Amino acid sequence: MTIRTQEEIVTRVWALRANRGDVFGFREEVLVEALDLDHARQVITPRHPVEWAQRVDHETYARGYLDFAVGKILDHRGNSASRSVDKLSELAWLLGRDDIVAAMDHAGYPMYGAPKVRAFADGFGWPFLDGDDGLALARMADGQQCDPQGCERGCAD
């Protein structure tokens, strides 16, 4: 997969800051970890940990983070699921997949962002509906509550 250039990443960090498009810094966190030390120094702020580490394998990270995001959706974790959607969108951008970013932007955000996370997984051709919770996740990605008999954890039609 093609990763964005260091200059493109720095420019995106500054654009996120200027547009206040990343209030909590979740997107920026993904980007800063993709920078080499010289470029990271251009954007590191007190928001970032003192010990900075560069991430090299963004595809493996994205695959693992997809699993994490699915877990947050199934656990009905609103804030964590929202953070996951932001990070996955930024990972898609970082990996040069503007088509996936557009698909995620186009998908709605019902059911803890499940449609957006499905757009991410489908765009990369990665599994989305694995395991015993596949039916619940499929329903949520279609904007329905996880259980047709009713959800005790908070999702609703």
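Residues numbered from 1 in each chain as written. Predicted model: local features only at pLDDT ≥ 70, side-chain atom pairs only at ≥ 80, totals over all residues. Heavy atoms only, no water.

J.: Can you walk me through the overall build of the protein chain in this structure?
T.: Broken down by element type, the protein chain carries 8 helices and 0 strands. When the helices and strands of the protein chain are listed from N to C terminus, the series reads α-α-α-α-α-α-α-α. The globule rule puts the C-alpha radius of gyration for 157 residues at 15 Å, and the 16 Å found for the protein chain is close to it. In terms of overall dimensions, the protein chain has C-alpha extents of about 55 × 30 × 25 Å along its principal axes. Here the protein chain holds 157 residues, and the buried ones make up 45% of them. In the protein chain, of all internal contacts separated by at least 6 residues, the share reaching a separation of at least 24 is 59%. (Helix = DSSP H or I, 4+ residues; strand = E, 2+ residues; numbered from the N terminus. Rg over C-alpha atoms; globule rule 2.2 N^0.38 Å. Buried < 20%, exposed > 50% of the residue type's maximum accessible area, 1.4 Å probe, protein only. Contact = heavy atoms within 4.5 Å.)

J.: Whenever I open this one, the environment of Gly-125 confuses me. Can you help?
T.: Note that Gly-125 resides in the loop between helix H7 (110–124) and helix H8 (134–141). For Gly-125, a relative accessible area of 62% corresponds to the exposed category. Residues Gly-125 and Leu-35, spaced 90 residues apart in sequence, show a C-alpha to C-alpha distance of 26 Å.

J.: Quick question: what am I supposed to make of the pattern of salt bridges here?
T.: Side chains that differ in charge, positive against negative, can pair when their charged atoms come close. Using the criterion set out here, one finds 11 salt bridges in the structure. As a salt-bridge pair, Arg-41 and Asp-38 come within 3.7 Å of each other at their nearest N and O atoms. For the pair formed by Arg-41 and Asp-38, the shared burial category is exposed. Of the charged contacts in the structure, one is a salt bridge between Glu-59 and Arg-63, with a shortest N-O distance of 3.3 Å. Remark: Arg-63 and Glu-59 occur in helix H4 (residues 58–74); sequence separation between them is 4 residues, near one turn of the helix. A cluster of three or more residues bridged by salt bridges with shared partners is formed by Arg-12, Arg-27, Asp-86 and Glu-90. (Salt bridge = Lys/Arg side-chain N within 4 Å of Asp/Glu carboxyl O.)

J.: How should I be thinking about the nonpolar core in this particular structure?
T.: In globular proteins that are soluble, nonpolar side chains generally tend to be buried together. Residues Leu-66, Leu-88, Leu-91, Leu-94, Val-117, Phe-120 and Met-140 are the most contacted members of the largest nonpolar core, which totals 47 residues. Residues contacting Phe-120, with those up to four places away along its chain left out, are Ala-62, Leu-66, Leu-88, Ala-92, Ile-100, Met-104 and Trp-126. (Core = buried A, V, L, I, M, F, W, Y, C linked by side-chain atoms within 4.5 Å.)

J.: Please clarify how the packing of aromatic side chains should be interpreted in this entry.
T.: Summed over the entire model, instances satisfying the criterion amount to 6 aromatic pairs. For the pair Phe-120 and Trp-126, a centre-to-centre distance of 5.9 Å together with 70 degrees between the ring planes defines the contact as edge-to-face. With respect to class, Phe-120 is no different from Trp-126; both count as buried. With a centroid separation of 4.4 Å and an interplanar angle of 15 degrees, the aromatic rings of Phe-124 and Trp-126 are classed as stacked. Comparing Phe-124 with Trp-126 shows no difference in burial state: the two are buried. Each residue in the set Tyr-61, Tyr-65 and Phe-68 is aromatic and connected to the rest through ring pairs, giving one cluster. When the ring centre of Phe-26 is taken as reference, the NZ or CZ atom of Arg-83 above it lies at 5.5 Å. (Phe/Tyr/Trp six-rings, centres within 6.5 Å; stacked < 30°, edge-to-face > 60°. Lys NZ or Arg CZ within 6 Å of the ring centre and 35° of its normal.)

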